[in-house]
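# Coordinate analysis (summary)
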Amino acid sequence: MATTNAPARLTVAGIGGVDETTVAFERGVTVLTAGDAADRTSLLRGLVTALGSDEHSPDCDADTDDNRVELAVEGERYVRTFAGEGDRVVASGDPYLDDSAAADLFAFLLGSNEARQAVTADRDLRKLVMHSVDIDDVNEEIADLRAERAELDDRIEALAALESDRPGLRDRRDELDAAIERLEAELADRQATLDGIESAAVDGDTDAEANPEPDANGSDAEARQDRRRELNAALDDIEFELEAERESLDALDAEIDDIESELDSRPADPAAELDDLTDELAESRARKRRLDADITDVQRTLQFNEQFLTSEASPVDAASEVERESGNDESDGESDDDSVVCWTCGTSVPEASIESTLDQLRALRDDRREERAELADRIERLQERRSELEALRERRRDLETRREELRRERAERRSRVEDLQARRDDVESDIVDLQRDAEDAEAGEGDRAALLDAHREVNRVEFELERRREERDAVVDELEALDAELDRRTDFETRTDEIDDRIDDLRDRIERLERATVSAFNDRMADVLDALEHDRLARVWVEHRNDGDGGDDALSTGRFVLHIERRTDDGKTYEDVIDHLSESERELVGLVFAVAGYLVHEVPDDVPFLVFDSLEVVDAERVRRLLDYVRPHTDYLVVDVSGESARALSEPYRRLRAL
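This report concerns the structure included in the present document. (Residues numbered from 1 in each chain as written. Predicted model: local features only at pLDDT ≥ 70, side-chain atom pairs only at ≥ 80, totals over all residues. Heavy atoms only, no water.)

## Remarks on the overall build of the chain
The line we're drawing: Runs of H or I in DSSP of at least four residues are treated as helices and runs of E of at least two as strands, each being numbered from the N terminus. Buried, partly exposed and exposed residues are distinguished by accessible area as a fraction of the type maximum, computed with a 1.4 Å probe on protein chains only: under 20%, between the cut-offs, and over 50%, respectively. Contact definition: two residues touch when any of their heavy atoms are within 4.5 Å. Note that accessible areas follow from Shrake-Rupley with a 1.4 Å probe, and for residues the cover is restricted to the protein chains shown.
Counting its secondary structure elements, the chain contains 14 helices and 15 strands. By residue count, 39% of the 659 residues in the chain fall in the buried class. A sequence separation of at least 24 residues applies to 76% of the contacts in the chain between residues at least 6 apart. Carbon and sulfur atoms make up 42% of the accessible area of the chain, which amounts to about 35,900 Å² in all.

## Considerations on the pattern of salt bridges
Stated formally: Note on definitions: salt bridges are taken to be side-chain nitrogens of Lys or Arg within 4 Å of carboxyl oxygens of Asp or Glu.
Tallied over the entire structure, the rule returns 64 salt bridges. For D292, the salt bridge goes to K288, with nearest N and O atoms at 3.8 Å. Taken together, the residues D292 and K288, both in helix α8 (residues 271-309) and four residues apart, mark about one turn of the helix. For D292, a relative accessible area of 26% corresponds to the partly exposed category. Here the salt bridges share partners, and the residues they tie into one network are R172, E175, E243, E247, E464, R467, R468 and E471.

## Focus on helix α1 (residues 37-51)
Worth spelling out the cut-off: Expected span of a helix, by definition, is 1.5 Å for each gap between consecutive residues, and there is one gap fewer than residues.
Between its first and last C-alpha atoms α1 spans 21 Å; for 15 residues at 1.5 Å apiece the expected length is 21 Å, and the two agree. Of all 15 residues in α1, 14 are buried, a share of seventy percent or more. One or two residues past the end of α1 sits G52, with phi positive at roughly 130°.

## So, the packing of aromatic side chains
Quick note on the threshold: Any two rings among Phe, Tyr and Trp, with Trp reduced to its six-membered ring, count as a pair given centres within 6.5 Å; such a pair is stacked if its planes are under 30 degrees apart, edge-to-face if over 60, and tilted if neither. Either the NZ atom of lysine or the CZ atom of arginine qualifies as a charge over a ring when it sits within 6 Å of the ring centre and within 35 degrees of the ring normal.
With the rule as written, the count across this model stands at five aromatic pairs. Measuring from centroid to centroid gives 5.9 Å for F25 and F609, while their planes differ by 85°, and the two rings are edge-to-face. Placement of F25 in strand β2 (residues 18-25) and of F609 in strand β13 (residues 609-612) is noted, with a sequence separation of 584 residues between them. One exposure class covers both F25 and F609, and it is buried. Here a set of aromatic residues connected by ring pairs shows up, and it is made of F25, F609 and Y636. The lysine or arginine in question, R539, covers the ring of W541, its NZ or CZ lying 3.8 Å from the ring centre.

## Side note on the sheet that holds strand β7 (residues 108-109)
In a beta sheet, neighbouring strands are held together by backbone hydrogen bonds and run either parallel or antiparallel to one another. Spelled out, the test is: Only when DSSP finds a minimum of two bridges between them are two strands counted as paired. Only the contacting stretch of a helix is used when fitting its axis, a line to C-alpha atoms as for every element, and angles between N-to-C directions run 0 to 180 degrees.
With parallel pairing, the five strands of this open sheet are ordered in space as β7-β13-β14-β3-β15. Looking along the sheet, the strands with just one partner apiece sit at the ends: β7 and β15 (654-656). Examined bridge by bridge, β7 and β13 share two bridges and lie parallel to one another. Bridged to L109 within β13 is F612. Against the sheet, α1 touches β3 (28-32), β7, β13, β14 (636-640) and β15, its axis set at about 150° to β13. Taken strand by strand, helix α13 (residues 620-630) contacts β13 and β14, and its axis lies near 170° from that of β13.

## Structural notes on the sheet that holds strand β4 (residues 68-73)
Read across the sheet, five strands follow the order β2-β1-β4-β5-β6 without closing on themselves; strand pairing throughout is antiparallel. Single-partner strands in this sheet number two, and they are β2 and β6 (88-94). Direction aside, the axes of adjacent strands within the sheet are offset by 10° on average. The pairing of strand β1 (residues 8-15) with β4 spans five bridges and is antiparallel. Bridging from a neighbouring strand, T11 pairs with E70 of β4. Against the sheet, α1 contacts β1, β2, β4 and β5 (76-85), and its axis sits at roughly 115° relative to β1.

## Observations regarding the side chain of R467
Counted only if it meets this: Polar contact criterion, stated in full: a pair of N or O atoms within 3.5 Å, where within protein one must be able to donate a hydrogen and the other to accept it, and residues adjacent in sequence count only if both atoms are side-chain atoms.
Tracing the backbone through its elements, the reader meets R467 in helix α11 (residues 445-532). Here E243 takes part through its side chain, which lies 3.3 Å from a polar atom of the side chain of R467. Apart from the residues within four sequence positions on either side, R467 is in contact with E243 and E247.

## A closer look at the nonpolar core
It is characteristic of soluble globular proteins that their nonpolar side chains tend to be buried jointly. The condition that has to hold: Nine residue types can take part in a nonpolar core, namely buried Ala, Val, Leu, Ile, Met, Phe, Trp, Tyr and Cys, and a core is a set of them joined through side-chain atoms within 4.5 Å.
Counting residues in each nonpolar core, the largest one holds 87 residues, and the members touching the most others are L125, F593, F609 and F612. Here this core gets ten residues from one element, more than from any other, and that element is helix α12 (residues 583-600). Not counting chain neighbours up to four residues away, the residues in contact with L125 comprise A118, V119, V542, F560, L562 and F593. If you look at the next biggest cluster of nonpolar residues, it comprises 17 residues, including V138, L145, L486 and I510.

## A word on the pairing of β5
Bridge count for β4 against β5 is six bridges, and the pairing is antiparallel. By the bridge assignment for β5, A72 is matched with R77. Both β5 and β6 contribute to a ladder of seven bridges, which runs antiparallel. Note that in β6 the partner of G84 across the bridge is V89. Here β5 folds back onto β6 in antiparallel fashion, the turn holding two residues, of which G86 has a positive phi close to 70°.

## Examining the packing of α12 against α13
Where we set the bar: Throughout this description, any angle smaller than 35 degrees is read as roughly parallel, any larger than 145 degrees as roughly antiparallel, any in the 65 to 115 degree range as roughly perpendicular, and the remainder as oblique. We call Asp, Glu, Lys and Arg charged. Ala, Val, Leu, Ile, Met, Phe, Trp, Tyr, Cys and Pro are nonpolar, and the rest, Gly among them, are polar.
Two numbers describe how α12 lies on α13: the axes approach to 12 Å, and their chain directions differ by 5°. The orientation of α12 with respect to α13, classified from their angle, is roughly parallel. In this structure, α12 uses L588, L591, V595 and L599 to contact α13, whose residues at the interface are R622, L626, Y629 and V630. Of the residues assigned to the contact of α12 with α13, the class counts are seven nonpolar, no polar and one charged.

## Structural notes on unusual backbone geometry
Of note in this structure, E74 is not a glycine but carries a positive phi near 55°. Residue placement: E74 occurs in the loop between β4 and β5. Positive phi, normally seen in glycine, also occurs at S614, with a value near 55°. The residue S614 is located in the loop between β13 and α13 in this model. Looking at S614, the relative accessible area reads 19%, which means it is buried.

## A short note on a negative patch on the surface
Selection criterion: Patch rule: a residue counts if its relative accessible area is over 30% and it has no salt bridge; like charges are joined within 9 Å, and nonpolar side chains (Val, Leu, Ile, Met, Phe, Trp, Tyr) within 5 Å. Asp and Glu count as negative and Lys and Arg as positive, but His and the ends of the chain are not part of the count. The atoms used to mark charge sites are NZ of Lys, CZ of Arg, CG of Asp and CD of Glu.
On the surface, a cluster of negative charge is made up of D94, D98, D99, E602, D605 and D606. Checked against the element boundaries, D606 lands in the loop between α12 and β13. Classification of D606 by relative accessible area gives partly exposed; the value is 44%.

## Some points on α13
Counted residue by residue, α13 has eight buried out of eleven residues, so it is predominantly covered. Taken together, the buried positions of α13 are A620, R622, V623, R625, L626, L627, Y629 and V630.

## Considerations on the environment of R395
With respect to the helices and strands, R395 occurs in helix α10 (residues 351-441). Residue classification places R395 among the partly exposed positions, given a relative accessible area of 36%. Sequence separation between R395 and R266 is 129 residues, and the spatial gap between their C-alpha atoms is 9.8 Å. Apart from residues no more than four positions distant in its own chain, R395 is found in contact with E262 and R266. A distance of 3.3 Å separates polar atoms of two side chains, one belonging to R395 and the other to E262.

Structure below.
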C-alpha cells in the first residue's frame with residue numbers, strides 16, 4: 001500500500017456530461033456529493049480508467065478531440081485519451097496500472113463490479129477467490145508431466161510389441177549357427193578334395209619332367225591354365241556382387257512394401273478437409289469478433305442504464321419538470337410512485353419493467369460470454385485438428401517422396417544386376433570355350449576339369465559361408481540393440497511412477513492453496529461482518545464443494561459456493577440462500593465478499609485507491625461501518641453516496657460538493 005501524504009489530483013475532460021473539471025483527493029475518505037448522479041458516475045469512471053481499468057469505458061464528447069483523464073498521484077502523472085471509432089471507444093496512453101485485473105474485481109467496486117454481481121447472482125466464485133493465487137506454473141508443470149507420461153506410455157507399449165520379435169530373432173540366430181557349422185564342415189570336405197586333386201596333378205607333372213616328351217602345346221596349356229584362373233576369379237567376384245545386389249533389392253522391395261502398406265492404411269490427402277477447417281476457423285473467429293462487439297455494446301448499455309437508474313433524476317425526468325413548470329404538462333396531475341419515465345421513449349413505465357429489461361440485458365451479456373467461451377474452445381479444437389491434418393499430409397508426402405527415391409534406386413540396382421548377369425554369362429561362356437579348347441588340345445585335360453570343378457565348389461561354399469556369417473552378425477546386432485532397448489523399459493516404468501507421484505504432489509499443492517485461500521476469505525469475511533454488526537446476517541462463508549470425481553485430467557474440481565447463515569429474533573441461526581435475502585442484504589453480502597477479496601489478494605499493495613458507488617440500497621449505518629472498516633487499508637477511499645447514507649457518514653470525511 002502506498003504511503004504518500006500528498007493529495008491526488010484528477011482531471012476529467014470530455015467524459016460523459018463533464019466538459020472539464022479538476023478535483024483533488026486528500027488522503028483518507030472523499031465522499032462525492034457534488035453535481036448530479038450522472039456527473040459523479042462520469043467522475044468515478046474517469047478515475048478508475050486513469051488507474052488502468054478498461055471495464056468502464058467512458059462516454060466521449062463527440063464534438064471535441066480533447067477527451068481525456070489525467071491523474072497525478074505519488075509524484076507521477078498518468079494520462080489516458082479516448083477517441084470514438086465507429087460505435088466503440090478506443091483508449092490510449094499510460095495508466096497507473098499495467099494490469100488492472102485485480103483492481104477491477106476488488107478495488108473498483110462500482111455497481112457493475114463482477115465480484116459484487118457474482119455474489120448477488122449466486123455464481124461459482126472459484127475464479128474470484130483464486131484470482132491472485134499463482135497456480136498457472138503448477139498447472140503448466142502438470143500438463144508437461146502428463147505429456148511426458150503419455151509419450152512414455154507409447155514407448156512402453158511399443159517396447160512390448162518389440163519384445164514379441166525377440167524369440168523369432170533368437171530362432172533365426174540358432175538356424176544360422178547350424179547352417180554355418182554345416183557349411184564349415186562342407187568346406188573342409190571340399191578343400192580336402194581339392195588338395196587331393198592338386199597333389200595328384202603335382203605328381204603327374206613330376207613324372208612328366210622325369211620322362212620328358214616333345215610337347216608342342218606345352219606353352220599353350222600353361223596359358224590356358226592362367227586364363228582359367230583369371231576367369232574363375234572374375235566369376236567369383238561377379239557372383240559375390242550379384243548376391244549383394246540381390247540382397248539390396250530384397251531390402252528395397254521390403255521397404256517399398258512397408259511404405260505402400262502405410263500409405264494404403266492412411267487416408268487420402270486431407271486437402272478438402274483442411275480447406276473446410278480453414279473456412280470454419282475464419283467463420284468462428286469472425287463470429288467471436290462479433291460476439292466481442294456485442295458484449296461491449298451490451299455492457300455499455302447496461303452501464304448507461306444503471307447509471308441513470310441509480311441517479312436521482314433521469315434526463316427525461318428533467319425535461320418533464322420543465323414542461324410542467326411551463327404549463328405544457330397535459331397530465332391530470334396524478335402519478336404513480338412505482339413508475340418512472342423511460343428515458344428512451346418518454347413514457348411512464350413501472351420501475352420493475354426497467355429492472356426486468358436490465359436483467360434481460362445481463363442475461364444476454366452472460367449468454368454472449370458463454371457462447372464466446374464455447375467459440376474459443378471450438379477455435380482451439382479446430383486449430384489442433386488442422387495441425388493434426390497438416391502433420392498427416394506432411395507424413396504422406398514424405399512417404400511418397402521416399403517411395404519414389406527407393407523405386408529409382410531399385411531400378412538402378414536391377415540394371416546393375418542385369419549387367420552383372422550379362423558379364424557372368426560372358427565369363428562362363430569364355431570358361432566353356434577355354435575348357436573345350438583344353439579338351440581338344442590334351443587328352444589328359446579331364447584331370448584339370450576336375451580341378452576346376454573342385455575350385456568352384458570350394459569358392460561356392462566359401463561364399464555361402466561368408467554370407468551366412470554376415471547374416472548372423474546382423475541378427476546378433478539386432479538382438480543386442482533390441483535387448484538394450486528393452487532394458488530401458490524398466491527406466492521408463494520407473495519414470496512413469498515418478499511422474500505420477502509428482503502430479504499427485506502438485507495436485508495436493510493446488511488443493512492446499514485452495515484450502516488456504518478459502519480459509520483466508522472466510523476469516524476476512526467474518527471480520528467484515530463483525531464490523532458491520534448486522535442483526536440478521538450471522539455468518540457468510542465459502543465452501544469448496546466437490547460435485548464428483550474430476551478424473552486424472554482435472555486440475556481443480558468442484559465449485560466455490562457461498563453460504564449464508566441468518567439469525568432470528570430469538571438468537572437462533574439457520575442457513576439460507578441468496579435469493580431469499582432482501583435486496584439490501586444481497587448487496588451487502590456482495591460488498592462483504594468484494595472487500596474480503598480486496599484484502600486477501602493484497603490489492604492495496606498495487607493501487608492506492610478504493611472506489612465505491614451504487615450503495616443506495618444498503619442502509620446508511622451499514623455503509624458507514626463498512627467505510628470505517630476499510631479506511632485504514634487504503635490511501636484514498638472515494639465513495640459516491642447521497643441522501644441519508646451521506647449524512648450518516650463521519651463528519652471528518654471530506655465532502656466533494658462541487659465539480
